[in-house]
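The residues making up each chain are set out below.
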Amino acid sequence: SQLRFLLRANFPMLVGFGIFTLYCAQRYAGFMIVPIALIGLLYQTVRLLAAWRVPEQRAVRLTALLIVLLSVLIVGGCHAIHHQRARAEADRVVAVIERFYAQNQRYPNTLDELGFDPKVLRQSLGWYGYNVHEGNPFLVYNTTFVLFDKWAYDFGKNKWAYEAD
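Worth saying up front: this structure is predicted, and the values here are computed from it rather than measured.

**Q** Residue-level account of the side chain of Thr144, with values.
**A** Topologically, Thr144 is positioned in the loop between β2 (136–142) and β3 (150–154). Given a relative accessible area of 6%, Thr144 falls into the buried group. What Thr144 contacts, discounting residues up to four positions off in sequence, is Gln26, Arg27, Tyr28, Ala29, His79, His82 and His83.

See the structure below:
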């Protein structure tokens with residue numbers, strides 16, 4: 001069948017982008033899909049243009065382009081889910097900190113003081129930090145897509161701020 005032919009012709013692409021998709025879908029690795037996908041899209045587009053007059057090869061190249069685009073969509077979707085889960089937990093931490101402040105008129109010195117287990121927070125937030133300096137709290141956690149970028153909560157403005165590294 002046509003589908004079997006297209007998949008067999010693109011087997012290296014399927015395997016390569018399949019493995020890379022699984023890797024890039026992990027926390028902190030999503031950004032690596034961008035250069036690989038750009039190279040893949042550029043290469044397959046050039047090959048498509050070169051083979052445009054041969055319908056069979058045109059179909060093979062269009063399928064290869066579809067594989068690259070599907071890989072990008074899967075990685076993006078996984079990181080959207082990672083981000084939603086981390087943000088929900090971070091918002092829960094903020095709510096507990098603000099509740100503590102409302103009851104005690106001071107911010108907690110550590111998240112342990114609020115009963116948070118560091119191992120559980122590490123699983124949901126990844127790399128995170130909390131500190132109080134001169135009465136001002138600071139809560140931060142890494143983004144899920146890029147390794148060194150982070151989200152920091154501004155308690156004065158009650159909003160998250162993205163901080164690129």
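**Q** Can you break down the pattern of salt bridges residue by residue, with the values?
**A** Tallying each qualifying case throughout the model produces 2 salt bridges. A salt bridge links Glu89 to Arg92; the nearest nitrogen and oxygen atoms lie 2.8 Å apart. With Glu89 and Arg92 both in helix α4 (residues 55–104) and 3 residues apart, the pair spans about one turn of that helix. A relative accessible area of 13% places Glu89 in the buried class. Arg92 gets classed as partly exposed once you look at its relative accessible area, which sits at 43%.

**Q** Tell me what's going on with helix α2 (residues 11–24), and back it up with residues and numbers.
**A** Structural remark: α-helix, 3.6 residues per turn; residues separated by three or four positions point the same way. An ideal rise of 1.5 Å per residue puts 20 Å on 14 residues; α2 measures up with 20 Å between its terminal C-alpha atoms. Buried residues belonging to α2 abut α3 (33–50) and α4.

How each quantity is defined
- Residues numbered from 1 in each chain as written.
- Predicted model: local features only at pLDDT ≥ 70, side-chain atom pairs only at ≥ 80, totals over all residues.
- Heavy atoms only, no water.
- Helix = DSSP H or I, 4+ residues; strand = E, 2+ residues; numbered from the N terminus.
- Buried < 20%, exposed > 50% of the residue type's maximum accessible area, 1.4 Å probe, protein only.
- Contact = heavy atoms within 4.5 Å.
- Salt bridge = Lys/Arg side-chain N within 4 Å of Asp/Glu carboxyl O.
- Expected span 1.5 Å × (residues − 1).

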